[in-house]
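Here is what each chain is made of, one letter per residue.
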Amino acid sequence: MEFKNAVPVWAEKYVGERNIQLEFCAEIDFAGEKWDLAVAADNVYRVRINGEFVLHGPQRCGKGFWRKDEKDITPYLKKGKNTVVIEVLHFGVESFEFINQPAFLMAEIFKNGESAVATGKDFICRRDLSREQVVERYAFQRPFIEVRHFPKELSESLETVKVEGVNIVPRTAPYPEFKKVYPIELLAKGEAEIPDGGIDPNNVRFENTDMPDFSYSKEEIGKLYRIIEYNTKLTSREDVNKKIGKGYTFALTENQWQMFRLPAEDSGFITCNIECSEDSLVYIAYDEILVNNDANSMRRYGSTCNTLPLYMKKGSHAVMETEPKTMQYIKVLCKYGSVKISNLCLTEYVNPVGDDVVFECDDEALMRVYNAAVNTFKQNAVDIFMDCPSRERAGWLCDSFFTGRTERDLTGHSFVEKGFLENFFIATSFPNLPEGMLPMCYPADALQGSFIPNWTMFLVIELEEYVKRSGDSNMLRLAKERLYGLEKYFCNFINKDGLLEKLDGWVFVEWSQANKWVQDVNFPSNMMYYAMLKSMARMYSDSALDIKAEKIKAKIRELSFNGTFFRDHQVYENGVLSTPEDITEVCQYYAFFTGVADKETYPELIRIIAEDFGAGHKCEKTHPGVYPANAFIGNYLRMEVLSQNGHRRQIIGEIKDYFDYMARLTGTLWEMEKDNASCNHGFASHVVRFIFRDCLGISEVDEQNRTVVLNSDFTSPANAHAVLPLKNGSITVDVVDGVRKLSVSGGYTIV
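Read on for an overview of the structure. (Residues numbered from 1 in each chain as written. Predicted model: local features only at pLDDT ≥ 70, side-chain atom pairs only at ≥ 80, totals over all residues. Heavy atoms only, no water.)

**Points about the pattern of salt bridges**
Side chains carrying opposite charge are able to pair once their charged atoms draw close together.
Move 1: Inspection of the entire model under this criterion finds 62 salt bridges.
Move 2: R46 is the salt-bridge partner of E87, the closest N and O atoms lying 2.9 Å from each other. You can see E87 sitting in strand β7 (residues 80–90) and its partner R46 sitting in strand β4 (residues 44–49), a full 41 residues away along the chain. R46 shares its class with E87; the two are buried.
Move 3: Between K223 and D196 there is a salt bridge, and its shortest N-O distance comes to 3.9 Å. Here K223 is found in the loop between α2 (218–221) and α3 (225–231), whereas its partner D196 is found in the loop between β15 (185–193) and α1 (203–206), with 27 residues between them in sequence. (Salt bridge = Lys/Arg side-chain N within 4 Å of Asp/Glu carboxyl O. Helix = DSSP H or I, 4+ residues; strand = E, 2+ residues; numbered from the N terminus. Buried < 20%, exposed > 50% of the residue type's maximum accessible area, 1.4 Å probe, protein only.)

So, in structure tokens, the structure goes:
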């Protein structure tokens, strides 16, 4: 439904303020009619009806635009008077999670399709005074932490003003289901020494007043909860390891704590009920994994303040965090007072991947990895494609190339990807970036003017794949001006050999030695440039770009390949380019992934990749001097190269070698091979593609021609069953004693 009478508004008193949460309240009379809500806001909104949580949003959008959510609220209404409350949180600072734009709420409630209540005339606006305003950031990449006081206190009603320049577009992502996930185990309990200060392990990343619209100063903030988290010591501990369920209730007094485990790492809003027999202070700390048997994220890698401080007066209080966080372990500490806690859980905020997709097999390790991949996708594709749901919640390119494939494989559609890509092409501008350059992550602010030129190349090849799998040719037209502007930008860096040199920005190849060899002429970057130009040539029938791309491929082959391996870069020495013998595993993968190399021209290199490289940094032993790849993104490019070049049969084993230990520890797949960074990274869900394509033999689904392309060189578990959703049907695969049988519904043809 379209807005009819609603006006985007904000409290006049708080225009331009940071970290403000307002509450907009209206009453409606229900007598059996159908009632619908339409809402858009900046940055975060939450809807409650008669105190019951109903909805959280919005789906993020490009600069100058906001997406509208719609909800049938009839099931939440009771006969007679009903109170509808929309809470809106606006951070007012720059981050990778949100664009710093004007705060507003635009909401309208419809009765049987007719406008009944609308912002600008019917909602009463108040400020939520129980949320502390001047606090530290959650991370460099995300805005402020949440510090709460109970009971809730609201201001007097506030005058609102109209907010100009709000352009509304439809939501594309499916709505989350907000399921509650409860801890399954009480791990330990004991006492702690909880300080008010101490060592600050990471000051620079959280407070930086030299950056405009970034943070409060350390002096303004006063109490820093990351310091409390880092310096808290567990002085006594009883390992309990007791299975618990939904009804578990526990009591804490001064300096006591209990620690819990969820079924797997998950993302959402910490939720619980707390009864205080006296004034109390509770800290809820959380993390993805344990370090020294403790959930202390500041001691693990110091990039996030994973603490929810709750100041509570005597009485009963319902707690639900406003912004989603990520965790497998939850530690509840009582600084002072006496509390009884019940219904501790996580209200999930994830993509509602449903029962349409099924995969079952008799290989336990493969099942663990598959379930971890699905879990990872759900948490990183709720409204846009994100790198991680914890530290950043940022819409990173490159990550999105892989996650886009996963969305299609798991859902049969590309709804999240449509919105994700559209954001880049409808945005009014990209402040702080060079002309023609596109953001490395979006919707986001370009903090300190940072950008990754390589990632925009991934955007182009993702767009080509998206259009093919969705049939959305309108996106090509929408993207054209921006893509040709990007190509014009890169032309500024072409050298006499026709290659890109001395690229500006953060030239990123992967998290390995490869990132240290990115200048002066980086061959993986030029390989991606070749792939970008080939994609544009195909999408826009541009023969000039195709010719340019082929010249780049020939020159890379000439200058990079040393007879055995592709070398990573060239450097200037006394004004002349030379090619040092600096070689990484991932450079070889880029060569084949982009099409610069092929198995017919480089058969020995493909043999080396298949036999001498692999999990456990195998290349270090077989080819000393070749630096190993990391999870992001070399290990995934490796699987692609094996699949494309006749070595699909070994992928099932490598999936387990590379990923099963991750699945065992967190039930998710990680950013890196080690657990000292994000343990839940969206791109890693691409393992689903490896399983469906390389273990079940479903090479490709062509929705435009309604065909399903099979391969015969797959290696499956001995017994498996799968149902894979299509846009208008499904594929059913059964493997019994190694023999595959397959059927397709919906009028598709098997080829």
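**Quick notes on helix α5 (residues 364–380)**
Move 1: Helix length check: α5, at 17 residues, gives a terminal C-alpha distance of 24 Å against a target of 24 Å (1.5 Å per residue), a fit within 8%.
Move 2: Most of α5 sits inside the fold, with 13 of its 17 residues counted as buried.
Move 3: Capping the start of α5 is the job of one residue whose side-chain oxygen sits 3.2 Å from the backbone nitrogen of A365: D363. (Expected span 1.5 Å × (residues − 1). Polar contact = N/O pair within 3.5 Å; in protein donor to acceptor, adjacent residues only side chain to side chain.)

**Notes on the sheet that holds strand β25 (residues 521–522)**
Move 1: Strand order in the open sheet made by the 3 strands is β25-β26-β27, with antiparallel pairing throughout. Whereas interior strands pair on both sides, the edge strands pair on one side only; in this sheet they are β25 and β27 (576–578). (Pairing = 2+ DSSP bridges.)

**Brief notes about the sheet that holds β4**
Neighbouring strands of a sheet are bound in pairs by backbone hydrogen bonds; such pairs are parallel or else antiparallel.
Move 1: Ordered in space as β5-β4-β7-β2-β10, the 5 strands form an open sheet in which the pairing is antiparallel. A strand with exactly one partner marks an edge of an open sheet, and here the two such strands are β5 (52–57) and β10 (124–127). Between one strand axis and the next, the sheet turns by 20° as a mean value, whatever way the strands run.
Move 2: In terms of strand pairing, β4 meets β5 through 5 bridges, oriented antiparallel. Residue pairing in the sheet places R48 in a bridge with F53 of β5. (Axes fitted to C-alpha atoms, helices over the stretch in contact; angles between N-to-C directions.)

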